[in-house]
Each structure stands twice: as structure tokens, then as C-alpha cells.
Amino acid sequence: GVQTSVNGVQDGDGNYGGTQTWLNGRDTGRNDAWGYEFFGYVNVPTTGTYTFYTRSDDGSVMWIGMTRVVSNDGPHGFDEQQGSIDLAAGKHSFVIRVKQGIGGFGLDVNYAGPGIGKQLIPDAVLTTLNPPATRAPEMPAGDTQGVFYKYFQVGGTNVGDLAGAPIVANGQ
């Protein structure tokens, strides 16, 4: 079904890490050695500087367009990193990759900007294209609410380990 948020993670035991369950109860089937890639658009209401935050265990990386905004990669417990980018009002493509090694896990994605205090990115500002397009042009027409994902079962401890890994599942 449509993933309406990019927050929270469920492991193979049905435990959640993070604040919300963006997989609508979808189970990874594993506690360790998996990763996700999420892509879609975030709609910002006002031109200005926006700060994006990923709080993850283990690694996460976030791009807005072609700019790597947050780098929170590597094996670690829950850790938050942030980055800022100037955006015009409107829709901007994003990609978030998260990699679970072993042990604890989780992902929360927050933002703040002109007139917006730091908060989880609301479902209402996330859209995607059907069929999906990673890093598609800004300001798309014909998009729908939700986020596309790819799910990987892969060893390693860094987001880069997802490169070339077989996709186990994908969808909206």
C-alpha cells in the first residue's frame, strides 16, 4: 500500500524503532542485515532555508535533488545528524537510504524551515510519481500522496552497501 510517512522501522520480531511506522506494519522479516531506499517529493510551502534531520540506528543518508543534505552513515546507535539547504516553495525530490547492520535499529526523519519548527515530516507534504522515478525533475505533475520504497536484504554496515544489492521488495 501507499507509504504515507518515512518514520519508524519494524524488525523481524515486530518491534518498532523510531516514532512512526512508515511501513504500515510491513515486517522486514529480519532483525539484522537489511536496508531501505525511499524516494518521493517533499512539498515546502515557503522559499527559504530548510534543515533536514535523520535520527537512525544504524546509518542513513538523505539527498534533496542531487545534493547530499544529511550524512548519518555507518554503524552506530541512535544518532541524529542534520543538514540545511535553500529551497524554493514547491515540491523537491528526495532520496533517503537507511542501512541496518546488527543490534538496535530505527529511523526518524524531521525537518524545520521558515515558519516550521522541527517536526517529523508530515504525511500530507510527501508525494510520489507512479511509476516511480528516483531523483526525477522538481515540481512534478500527476504525483500522488505517498513514498516509494525499495527493500534490500544485504550484509555490511554502511548505506553504500546497498549499491548493487538485489531488491527483495518494492512498492508504494
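Residues numbered from 1 in each chain as written. Predicted model: local features only at pLDDT ≥ 70, side-chain atom pairs only at ≥ 80, totals over all residues. Heavy atoms only, no water.

**Student:** How do you make sense of the overall build of the protein when you look at a structure like this?
**Tutor:** The secondary structure content of the protein amounts to 0 helices and 14 strands. Traced from its N-terminal end to its C-terminal end, the protein shows the element sequence β-β-β-β-β-β-β-β-β-β-β-β-β-β. With 172 residues in all, the protein has 52% of them scored as buried. Of all intrachain contacts in the protein linking residues separated by at least 6 positions in sequence, the fraction that spans at least 24 positions is 64%. Here the protein has roughly 6,900 Å² of accessible surface; of this, 48% comes from carbon and sulfur atoms. (Helix = DSSP H or I, 4+ residues; strand = E, 2+ residues; numbered from the N terminus. Buried < 20%, exposed > 50% of the residue type's maximum accessible area, 1.4 Å probe, protein only. Contact = heavy atoms within 4.5 Å. Areas by Shrake-Rupley, 256 points an atom, 1.4 Å probe, with all protein chains shown as cover.)

**Student:** So what exactly am I meant to see when it comes to the packing of aromatic side chains here?
**Tutor:** To describe a pair of aromatic rings, you give the distance between the ring centres and the angle between the ring planes. With the rule as written, the count across this model stands at 2 aromatic pairs. Centre to centre, the rings of Y36 and F38 are 5.4 Å apart; their planes meet at 15 degrees, and the pair counts as stacked. Residue classification places F38 among the buried positions, given a relative accessible area of 0%. Considering the side-chain rings of F52 and Y111, the 6.1 Å spacing of their centres and the 40 degrees angle between planes classify their relative orientation as tilted. Residue F52 is located in strand β4 (residues 48-57), and its partner Y111 is located in strand β9 (residues 106-113); the two are separated by 59 residues in the primary sequence. Given a relative accessible area of 0%, F52 falls into the buried group. A relative accessible area of 3% places Y111 in the buried class. Over the face of the ring belonging to F78 we find R55, whose NZ or CZ atom lies 3.9 Å from the ring centre. Its end group placed over the ring of Y53, K118 keeps NZ or CZ at 4.4 Å from the ring centre. (Phe/Tyr/Trp six-rings, centres within 6.5 Å; stacked < 30°, edge-to-face > 60°. Lys NZ or Arg CZ within 6 Å of the ring centre and 35° of its normal.)

**Student:** How should I be thinking about the pairing of β9 in this particular structure?
**Tutor:** For a regular strand, the rule is simple: side chains alternate between the two faces of the sheet. The buried fraction of β9 is high, at 8 of 8 residues. The alternating pattern of β9 places G106, D108, N110 and A112 on one face and L107, V109, Y111 and G113 on the opposite face, and all of these are buried. The pairing of β9 with strand β10 (residues 116-120) spans 3 bridges and is classified as antiparallel. Directly across from N110, in β10, lies its bridge partner L120. The antiparallel pairing of β9 with β10 creates a hairpin that spans 2 residues between the two strands, and G115 there sits at a positive phi of about 75 degrees. (Pairing = 2+ DSSP bridges.)

**Student:** Hey, could you run me through the nonpolar core in this one?
**Tutor:** When a protein is soluble and globular, its nonpolar side chains tend to lie buried together. Core analysis: the biggest nonpolar cluster contains 27 residues, and F38, V42, F52, M62, I64, F94 and I121 have the highest contact counts within it. When residues of this core are assigned to their parent elements, the largest contribution, 5 residues, is made by strand β3 (residues 34-44). With residues up to four places along the chain from it excluded, the contact list for V42 reads F52, I64, G90, K91, H92, F94, I121, V125 and L126. In terms of nonpolar packing, the next biggest core, distinct from the first, is built from 6 residues, V61, V95, F148 and V159 among them. (Core = buried A, V, L, I, M, F, W, Y, C linked by side-chain atoms within 4.5 Å.)

**Student:** Honestly, the side chain of S56 in this entry has me stumped. Any pointers?
**Tutor:** As for its placement among the helices and strands, S56 is situated in strand β4. Only 2.8 Å separates the side chain of S56 from the side chain of S60, close enough to count as a polar contact. A polar contact is formed between the side chain of S56 and the side chain of N72, at a distance of 3.2 Å. S56 has contacts with N72, H76, G77, F78, D79, G106 and L107, leaving out every residue within four places of it along the chain. (Polar contact = N/O pair within 3.5 Å; in protein donor to acceptor, adjacent residues only side chain to side chain.)

**Student:** Even after reading the chapter, I still don't get the pattern of salt bridges, so can you show me in this structure?
**Tutor:** A side chain with one charge can pair with a side chain of the opposite charge if their charged atoms come near. The full count for this structure, using the stated rule, is 3 salt bridges. Between R97 and E37 there is a salt bridge, and its shortest N-O distance comes to 2.5 Å. With R97 in strand β8 (residues 90-100) and E37 in strand β3, this residue pair connects regions lying 60 residues apart in the sequence. Of the residues examined, R97 reaches a relative accessible area of 22% and is grouped as partly exposed. Looking at E37, the relative accessible area reads 5%, which means it is buried. For K118, the salt bridge goes to E80, with nearest N and O atoms at 2.8 Å. One end of the pair, K118, is in strand β10; the other, E80, is in strand β7 (residues 79-87), with 38 residues separating them in the sequence. (Salt bridge = Lys/Arg side-chain N within 4 Å of Asp/Glu carboxyl O.)

Keep in mind these numbers describe shape, not what the thing actually does.
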